Amino acid sequence: ACRHGGEGGAATASGLLATMRRLRVARSAWTFNALVEVYSAAGGRGRDAMALLETMAAEGIEPDEVTYTSVLKACRPTRAEAASLFETARAAANQRAAATARAAEAE
């Protein structure tokens, strides 16, 4: 069901994420990326995709390029919303690069 999107697929995928949380199964950016893709296929689930970004942040999981691209597809944002999301992604990438550089210098 998930493979084909739609509301049934989105509900199934959301339920799976909740089950993973309940069973304390480790989740990663890949897990969230898959769910955002299902929301994108379902159409009209942009708010859910954006909420996943907040969940990822709360759980300390860093979104990657795939996450941001998938959220853009799910949201079908206005130009201003897309620019804001792009700036968020760029800031996150800059922070990762700076952390990597600091770690390299410390070694």
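As a starting point, this report considers the structure included with it. Not measured: the values here are computed from a predicted model.

## Let's talk about the pattern of salt bridges
For step 1, the next point in the chain: For the structure shown, the criterion picks out 6 salt bridges.
For step 2, the next point in the chain: Here glutamate 62 makes a salt bridge to arginine 96, at a shortest N to O gap of 3.4 Å. In this pair, glutamate 62 is assigned in the loop between helix 3 (46–58) and helix 4 (65–75) and arginine 96 in helix 5 (residues 79–106), connecting sequence segments 34 residues apart.
For step 3, the next point in the chain: Exposure remark for arginine 96: the relative accessible area of 25% places this residue in the partly exposed category.
For step 4, the next point in the chain: What emerges from the salt-bridge pattern is a single network uniting Arg21, Arg27 and Glu59.

## Re helix 5
For step 1, the next point in the chain: With 28 residues, helix 5 should reach 40 Å at 1.5 Å per residue; the first-to-last C-alpha distance of 41 Å fits that figure.
For step 2, the next point in the chain: Three or more residues of helix 5 are buried, namely Leu85, Ala89 and Ala92.
For step 3, the next point in the chain: For helix 5, the secondary structure elements touched by its buried residues are helix 3 and helix 4.

Definitions and cut-offs
Residues numbered from 1 in each chain as written. Predicted model: local features only at pLDDT ≥ 70, side-chain atom pairs only at ≥ 80, totals over all residues. Heavy atoms only, no water. Salt bridge = Lys/Arg side-chain N within 4 Å of Asp/Glu carboxyl O. Helix = DSSP H or I, 4+ residues; strand = E, 2+ residues; numbered from the N terminus. Buried < 20%, exposed > 50% of the residue type's maximum accessible area, 1.4 Å probe, protein only. Expected span 1.5 Å × (residues − 1). Contact = heavy atoms within 4.5 Å.

As far as function goes, none of this settles anything; it's purely spatial.
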